[in-house]
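# Commentary on secondary and tertiary structure
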Amino acid sequence: MFRFLHDVQYSIRQLARAPILTAVAILSLALGLGANVAVFSLLNALLFRDLPVSDPQQLVDIHSAFPGRPSTGYFVDPVPFGAFEEIRLRNTVFSHIFAWDDEALRNIKANGAQYPGAVIEVSGDYFATLGVHPLLGRLLRSEDTVPGEPAKVTVLDYRCWDRRFQRDPAVIGKIIRVDNVPLTVVGVTPKSFRHLDVDVSVEAAVPIGFNTADVSRRWYKVLARLKPDVTIQQARSQLQTLWPAIQQSIVPSSYTAAQRQRFFSRRLYVQGAAHGFSYLREQISRPLGVLMYLVVAVLLIACANLAGLMLARGSNRRHELAVRIALGAGRWLLIRQLLIESVMLSFTGAVLGFVCCFWTGHYLLSLIWMGKGPIGVDTSPDLRVLGFAAAIAIVTGIAFGIGPAARASRIDPAGALQQNSRTARDGGTRLRRILIVAQVAVSLILTFAAALFIRTFYNLWDVDAGYQRHGVLCMELFPQPGHEKLTNRGVYYRALVAKLNGIPGIESVSYSNGLPMSSREFSKMGSEMVSELPPGSSTVQASLGVVGPGFFEVMGMHVLAGRGFTWNDDENAPKVTVISQSLAERLFPKQNPLGRRISIANAPDGKDLRIVGVVNNASLWSLESYQPAAAYTGFLQTAGYNQPMVDIRTGSDPSKYAQAAERAVESLGYHYSVQTQSLRQRLDMFLGNERILALLSSFFGALALVLAGMGLYGVISHSVTTRISEIGIRIALGAQRGNIFRLFLCEAALLVIVGLAVGIPLALMGSRVVSGMLFGVAPFSTVSILLPSSVLIFVVFLAVCVPVRRASKIEPATALRTE
């Protein structure tokens, strides 16, 4: 240990003697290692981190799905409450089981504050199944969730207790109101506990069906804990055996033959739930995987660059190392000493990068978070992240230090002591040139990826989506307490439009079910549109939108035939629909669709709809789709829908009208806005994945170019330094200074050409991996490869100009006196 500490102290003194090299090395490593740790911390939070509960590997999720539909992931079908009860009674493989509903946004009144917050509905065994113990009071029990009886209690999440009650221990027994239902606080969860949906910051857990007396007709997600000796395959086998009998016992008697057949076609699935549930996990896991490859490539460039710097520094320490060997120092002792210096540099850079990743991860998530409340993902480093940072620091330190250390240990003391710093030939030149070729190749791959992602982001922004993006304000409304249901929706929404139209500068107002750009995942979930004409009827998958009167005018769309929706299209009028031009062409080719009828398979109010209009194709769900088939139903004809988006067309910058519009909505006493933003801001948020890829890949590409330029500068500069005498002789014998310039420039050009020859095929092969994430970009196009190659050549040309120019200005007499 004493010897090791002595080596550390000696390494610190040696690094302090070269402050510029040490600073460059630490900064390069901080950027490379910090980027790796930041991206890994996000991957860890979303993909690898288990729920902070007892034995999370024993937790399983139970859900149903139709054949051909996804049976895994975030968007899976729940099961009827009756099925949950039957599984609970009949199974022999679970020690605990509970039903739960997604964390919904609710009106909460707590400690005098009124605000919207996420609340999870759970059955009584929720906390017992998860093995959670209360921080204060008690948690929910089976007797707290009796179907048919009103809920009376709630359990606060630690973060709600902290924010809303300032960690008051006397919170037990206080009353909070959730959707105007009074609930007594009986407990607080521990600080380390996170609920099942890791994306969302939950305010409280309430008994299932807390605001309704009838839960038997509702569908819920189900989660269970396996008994100690039971495997997930055994549980899956038993439930699949029980499922047909359970279906027979719970099928509603009112179902038609077609509905019964569809109900019995459902299958039951069981999957592990140790990591909880996350919408972000499915949305950004692939982009994060791509970013992980990019940051590893940056780290490789940094390692190659630092290996070159250490080789150059080693050539300047030849005399010192030769003296130590001559005095009896063992070669393994020198290798250990130099590796300690490298690892110390790496650990210092890792510490700086680790500090940066504390805020970087949360910032990156905020760029793509589309939720209405605070994000719940815990990006704080844990032991896995600490272990990753330590491991990558050690590997990095050895990676860029082993070559220079091994070379230094092979120094011949007699030969080295006879040379001076000018006449010594660097035997590591070949290795440094190989490292430069590798840096150029990897830099090309990074700049090529950056070019693809930047062009994709630009193309999505610039695409003609079929509607006007400028001058639109979007307000997502949420009902105030006691107004979750409206008795006369038409009168209220007409009054709200009149109120908003009264604000100077607002031109028109309408409603929608979150359009445009409600959710990327929902944009993929089409509806079945069935035309009316037997026997030639056809079924087409199409997107479904619920829109209000004047919506197409607000969005700048065009009614090509017939009409749009009016205020007369309410719940008392015949059901009508407006379809897109592409859907009309698919359902009724070369025919007039007006007056025809269609049905929407998975819409409760979508039966026997009469087509009254055709509008232009508009990418309201996904910008990647140029001509989506779409059907629109009337907002006022959709029963019970009371959380609309208000779309407002303004005459100038929409953000100027945000506060006035919010005050107008609240003044009527029925709604308030939980999110107000311009349509351009909404699109920017919707393109969060593309923005992160474009932003970070361009940053990493620029960093790679800088590091490659630094590496090439070091190689040419060192070559000039060791060949000063040769240059002086060449000039003395009549060589022109332009010839000297071309000599070293050709040396640099050769390294760059070889690097490009290696990098271009690798970049083209790598483009196949990300081809599904591109839009409007051909991964194998000439422009895609020529542009980053040209930028790389320009950067390295600038990097070598200084040492090459210095070489061409060497005076022969001065150069020869150095010999």
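When helices and strands are counted, the chain shows 24 helices and 22 strands. Counting the 819 residues in the chain, one finds 54% classified as buried. Put simply, the chain shows about 35,500 Å² of open surface, and 59% of that area lies on carbon and sulfur atoms.

This brings us to unusual backbone geometry. Between Leu515 and the following residue, Pro516, the backbone shows a cis peptide bond with an omega angle of 0°. Structurally, Pro516 is set in the loop between strand S13 (506–512) and helix H15 (520–523). Even without glycine at this site, Asp55 takes up a positive phi of about 45°. With respect to the element layout, Asp55 can be found in the loop between helix H2 (19–48) and strand S1 (59–65). What makes Asp55 partly exposed here is its relative accessible area of 49%. Despite not being glycine, Asn180 shows a phi value in the positive range, around 70°. Locating Asn180 in the fold gives a position in the loop between strand S7 (175–178) and strand S8 (181–188).

Taken together, the side chains of Leu750, Val754, Val758, Leu762 and Met765 make up a nonpolar region of the molecular surface, amounting to roughly 420 Å² of accessible area. Topologically, Leu762 is positioned in helix H22 (residues 737–767).

As a further point, take the packing of aromatic side chains. Within this structure, the stated rule accounts for 22 aromatic pairs. Plain terms: the ring middles of Tyr255 and Phe263 are 6.0 Å apart, the flat faces sit at 75° to each other, and that makes the pair edge-to-face. For Tyr255, a relative accessible area of 28% translates into the label partly exposed. A relative accessible area of 6% places Phe263 in the buried class.

This model, assessed by the stated rule, comprises 20 salt bridges. Among the salt bridges present, the one from Asp77 reaches Arg266, with a minimum N-O distance of 3.2 Å. In this pair, Asp77 is assigned in the loop between S1 and strand S2 (79–80) and Arg266 in the loop between helix H7 (257–264) and strand S11 (267–272), connecting sequence segments 189 residues apart. Classification of Asp77 as buried rests on a relative accessible area of 18%.

For the pair H22 and helix H23 (residues 782–808), the least separation of the axes is 9 Å and the interaxial angle reads 155°. By the criterion of interaxial angle, the relationship of H22 to H23 is roughly antiparallel. As H22 packs across H23, the resulting crossing turns out to be right-handed. Here H22 contributes Arg737, Ile740, Phe741, Phe744, Leu745, Ala748, Val752, Leu756, Ile760 and Ala763 to the contact with H23, which in turn contributes Ile785, Ser789, Leu792, Ile793, Val796, Phe797, Val800, Val804, Arg805, Ala807 and Ser808.

Glancing now at the packing of helix H21 (residues 724–732) against H22. Any two packed helices are characterised by the angle at which their axes cross and by the distance between the axes. Where H21 meets H22, the axes come as close as 10 Å, and the angle between the chain directions of the two elements is 145°. By crossing handedness, the relation of H21 to H22 is classed as right-handed. For the pair H21 and H22, contact is made by Ile727, Arg730 and Ile731 and by Arg737, Ile740, Leu743 and Phe744, respectively. Across the contact of H21 with H22, the residue classes tally to five nonpolar, no polar and two charged.

Locating Ser342 in the fold gives a position in helix H10 (residues 331–368). Ser342 sits in the buried class, given a relative accessible area of 1%. Sequence-distant contacts of Ser342, that is, excluding residues within four places in its chain, are made with Met310, Gly397, Phe400 and Gly401.

A word on the environment of Glu690. One can find Glu690 in helix H20 (residues 688–722). Judged by its relative accessible area of 10%, Glu690 is buried.

Attention shifts here to the side chain of Thr145. Its location among the elements puts Thr145 in the loop between strand S5 (136–137) and strand S6 (153–156). Here the side chain of Thr145 touches Gly124 through a polar contact of 3.0 Å, landing on its backbone nitrogen. Discounting chain neighbours no more than four positions away, the residues touching Thr145 are Val122, Ser123, Gly124, Pro207 and Ile208.

This paragraph deals with the nonpolar core. Grouped burial of nonpolar side chains is what soluble globular proteins tend to show. Core analysis: the largest hydrophobic core is formed by 51 residues, its most contacted members being Leu280, Leu288, Leu291, Leu365, Leu446 and Phe700. When contributions to this core are tallied by element, the ones reaching two or more residues are H2, helix H8 (279–316), H10, helix H11 (383–409), helix H13 (429–462) and H20. Dropping the residues within four chain positions of it, Leu291 is found in contact with Val39, Ile692, Leu693, Leu696 and Phe700. Counting 34 residues, the second-largest nonpolar core is a separate cluster that includes Leu460, Val554, Phe565 and Phe775.

Next up on the list: the environment of Glu553. Assignment of secondary structure puts Glu553 in helix H16 (residues 551–554). Take Glu553: its relative accessible area is 52%, and that puts it in the exposed class. Counting along the chain gives 86 residues from Glu553 to Tyr467, while the straight-line C-alpha distance between them is 9.5 Å.

A word on the environment of Val146. Looking at where Val146 falls in the secondary structure, it is placed in the loop between S5 and S6. For the pair Val146 and Gly209, spaced 63 residues apart in the sequence, the C-alpha separation amounts to 9.3 Å.

Moving on, we come to helix H3 (residues 81–90). Along an α-helix, residues three or four positions apart point the same way, because every turn accommodates 3.6 residues. Every buried residue of H3 is accounted for by Phe81, Ala83, Phe84, Glu85 and Ile87. Here the buried face of H3 lies against S1, S2, strand S3 (94–110), strand S10 (219–226), helix H6 (232–250) and S11.

Before going further, it helps to examine the confidence of the model for the chain. When the pLDDT values of the chain are averaged, the result is 83; 87% of them are 70 or greater. Here residues 521–526 scores under 50 on pLDDT; set against residues more than four positions off or in separate chains, the count is ten contacts.

Definitions and limits used
- Within every chain, residues take consecutive numbers counted from 1 along the sequence as written.
- In view of the model being predicted, local features appear only for residues whose pLDDT reaches at least 70, and side-chain atom pairs are presented and counted only at 80 or more, with totals across whole chains, interfaces and linings using the full set of residues.
- By convention in this description, side-chain values take in all heavy atoms of the structure and omit both hydrogens and water.
- Only DSSP runs of H or I covering at least 4 residues are called helices, and only runs of E covering at least 2 are called strands; the numbering of each starts at the N terminus.
- Only protein chains enter the calculation, and the probe is 1.4 Å; a residue is then buried if its accessible area is under 20% of its type maximum, exposed if over 50%, and partly exposed in between.
- Method for areas: the Shrake-Rupley scheme with a 1.4 Å probe, in which residue coverage is limited to the protein chains shown.
- Surface patches are defined over residues having more than 30% relative accessible area and no salt bridge, joining like charges when they lie within 9 Å and nonpolar side chains (Val, Leu, Ile, Met, Phe, Trp, Tyr) when within 5 Å.
- Here, a salt bridge means any side-chain nitrogen of Lys or Arg that lies within 4 Å of a carboxyl oxygen of Asp or Glu.
- Aromatic pairing here means that ring centres of Phe, Tyr or Trp (its six-membered ring) are within 6.5 Å. Orientation follows from the plane angle: under 30 degrees is stacked, over 60 is edge-to-face, and everything else is tilted.
- Interaxial angles span 0 to 180 degrees and are taken between N-to-C directions of axes, which are lines fitted to C-alpha atoms, for helices over the stretch in contact.
- Relative orientations are named as follows: roughly parallel for angles under 35 degrees, roughly antiparallel for angles over 145 degrees, roughly perpendicular for angles from 65 to 115 degrees, and oblique for any other angle.
- Each crossing is labelled by how the near helix is turned from the far one, with a counterclockwise turn of less than a right angle marking it left-handed and a clockwise turn marking it right-handed.
- Contact definition: two residues touch when any of their heavy atoms are within 4.5 Å.
- Basically, the charged four are Asp, Glu, Lys and Arg, the nonpolar ten are Ala, Val, Leu, Ile, Met, Phe, Trp, Tyr, Cys and Pro, and anything else, Gly included, counts as polar.
- Polar contact criterion, stated in full: a pair of N or O atoms within 3.5 Å, where within protein one must be able to donate a hydrogen and the other to accept it, and residues adjacent in sequence count only if both atoms are side-chain atoms.
- Here, nonpolar core means buried Ala, Val, Leu, Ile, Met, Phe, Trp, Tyr and Cys residues that are tied together by side-chain atoms lying within 4.5 Å of each other.
- The predictor attaches a confidence to each residue, and that confidence, scored 0 to 100, is pLDDT.

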